[in-house]
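Working through the structure, step by step
If you want the building blocks of each chain, they are given just below.
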Amino acid sequence: MLPGFDLPAFVAATLSEDMGDLGDITAAAVIPADAVFTGVMDSRDAITVAGLDLAAAFFRHLDPHVVLEPLVADGDRVAAGTALLRLRGNARALLTAERSALNTVQHLSGIATLTACYVAAIADTGATLLDTRKTIPGLRILEKYATRMGGATNHRMGLWDAAMIKDNHVAVAGSVGEATARAKAAGIDRIIVEIDSLDQIEPALAAGATHLLLDNMTPPTLREAAAMIAGRVPAEASGGVNLDTIRAIAETGVTYISVGRLTQSAPAADIGLDFTFDAA
């Protein structure tokens, strides 16, 4: 599900951060060792679900015999009050894992939910929503997974999978054309060039750019840029995009729109977990 992501290591490290050297001292003091809890995780708001299997992994790590019943799947859009997961297992283990599990599914579902709002805003325009590298350190694979669940397309995963020539690269190289030519001479196949003004478009294309990022341009300027590019390479609008502006941007003819706030500013989804003591 998440190539390149070490789920067991993530779960172990997250639980270790929460439990420290002494473990859950409250549960150990208050809850009998053999007590059993039954729980239901549910959404208090309408959300797009992401991270449910990850949340389940925390419970399974501390109680290998926990009974887990997923009631929805990642990517599902659910109404407020929807039950997401039922579980039954050792009460101490479930209580200890609860916060880590909820933090994960709340964060990722928040990203997926916000992403779905952006996708809906550009429906039928022909533009594709992209995420960015503006992610919490260490969580990029998870957060980009969440944007996919919301309907976006992953952009660069890191510095390694495409060249991205920006203003600082241009300043050192001397021009957009020279910076692009150097990337092409290095044998890089994907060369994305940030365009700050219309007069940079032709030099970038002539030097071998395979993708142009149109930075902080108004819709009229984006429309002009898209016409100049004329489909020779993909055109991406970026910078200052929000839910109020994205529709007008999408209607300019650009191929892609990248939005950093999908991962940078998404509020956590309101998801809860209620336990009951199982006397049986």
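Computed from a prediction, not measured in an experiment: that's the story for all the values here. (Residues numbered from 1 in each chain as written. Predicted model: local features only at pLDDT ≥ 70, side-chain atom pairs only at ≥ 80, totals over all residues. Heavy atoms only, no water.)

**Describing the nonpolar core**
Counting residues in hydrophobic clusters, the biggest one holds 83 residues, and the most contacted among them are Met 41, Leu 212 and Ile 257. Non-local contacts of Ile 257, meaning those with residues more than four positions away in its chain, are made with Ile 122, Ala 127, Thr 128, Leu 129, Leu 130, Ala 237, Val 241, Ile 246, Ile 249 and Ala 250. (Core = buried A, V, L, I, M, F, W, Y, C linked by side-chain atoms within 4.5 Å. Buried < 20%, exposed > 50% of the residue type's maximum accessible area, 1.4 Å probe, protein only. Contact = heavy atoms within 4.5 Å.)

**Observations regarding the packing of helix α4 (residues 91–121) against helix α5 (residues 140–150)**
One way to put it is that α4 packs onto α5 with a least axis distance of 7 Å and a crossing angle of 40°. By the criterion of interaxial angle, the relationship of α4 to α5 is oblique. In the crossing of α4 with α5, the sense of the turn from one axis to the other is right-handed. Each of His 107, Leu 108, Ile 111, Ala 112, Thr 115, Ala 116 and Val 119 in α4 lies in contact with α5, whose residues at this interface are Leu 142, Glu 143, Ala 146, Thr 147, Met 149 and Gly 150. When its residues are assigned to classes, the contact of α4 with α5 shows 8 nonpolar, 4 polar and 1 charged. (Axes fitted to C-alpha atoms, helices over the stretch in contact; angles between N-to-C directions. Helix = DSSP H or I, 4+ residues; strand = E, 2+ residues; numbered from the N terminus. Parallel < 35°, antiparallel > 145°, perpendicular 65-115°, else oblique. Left-handed = near helix turned anticlockwise from the far one by under 90°. Nonpolar A, V, L, I, M, F, W, Y, C, P; charged D, E, K, R; others polar.)

**Brief notes about the packing of aromatic side chains**
One pass over the full model with this rule turns up 4 aromatic pairs. On the basis of an interplanar angle of 65° and a centroid distance of 6.0 Å, the ring pair of Phe 10 and Phe 58 is categorised as edge-to-face. Placement of the pair is Phe 10 in helix α1 (residues 7–19) and Phe 58 in helix α3 (residues 52–62), with a sequence separation of 48 residues. A single burial state applies to Phe 10 and to Phe 58, both of which are buried. Each residue in the set Phe 5, Phe 10 and Phe 58 is aromatic and connected to the rest through ring pairs, giving one cluster. (Phe/Tyr/Trp six-rings, centres within 6.5 Å; stacked < 30°, edge-to-face > 60°.)

**Topic: α5**
Buried within α5 we find Leu 142, Glu 143, Lys 144, Tyr 145, Ala 146, Thr 147 and Gly 150. Summarising the contacts, the buried residues of α5 are in contact with α1, β2 (47–48), α3, β4 (77–78), α4 and α11 (261–264). The first or second residue beyond α5 is Gly 151, which carries a positive phi of 110°.

**Notes on the sheet that holds strand β3 (residues 67–70)**
Note: strands within a sheet are paired through backbone hydrogen bonds, in either parallel or antiparallel orientation. With antiparallel pairing, 4 strands are arranged side by side in an open sheet as β3-β5-β1-β12. A strand with exactly one partner marks an edge of an open sheet, and here the two such strands are β3 and β12 (271–277). Strand-to-strand twist in this sheet, taken as the mean axis angle between neighbours without regard to direction, amounts to 15°. Against the sheet, α3 makes contact with β1 (36–43), β3, β5 (83–90) and β12, and its axis sits at roughly 170° relative to β3, the strand it touches most. Contacts from α4 reach β1, β5 and β12, with the element oriented near 165° to β12. (Pairing = 2+ DSSP bridges.)

**Some thoughts on the packing of α1 against α3**
Interhelical geometry of α1 versus α3 gives an angle of 70° and a closest axis separation of 10 Å. In terms of axis orientation, α1 runs roughly perpendicular to α3. α1 and α3 meet at a crossing whose hand is right-handed. Facing α1, whose interface residues are Leu 7, Phe 10, Val 11, Ala 12, Thr 14, Leu 15 and Met 19, α3 presents Leu 54, Ala 57, Phe 58, His 61 and Leu 62. Residue classes in the contact of α1 with α3 are distributed as 10 nonpolar, 2 polar and no charged.

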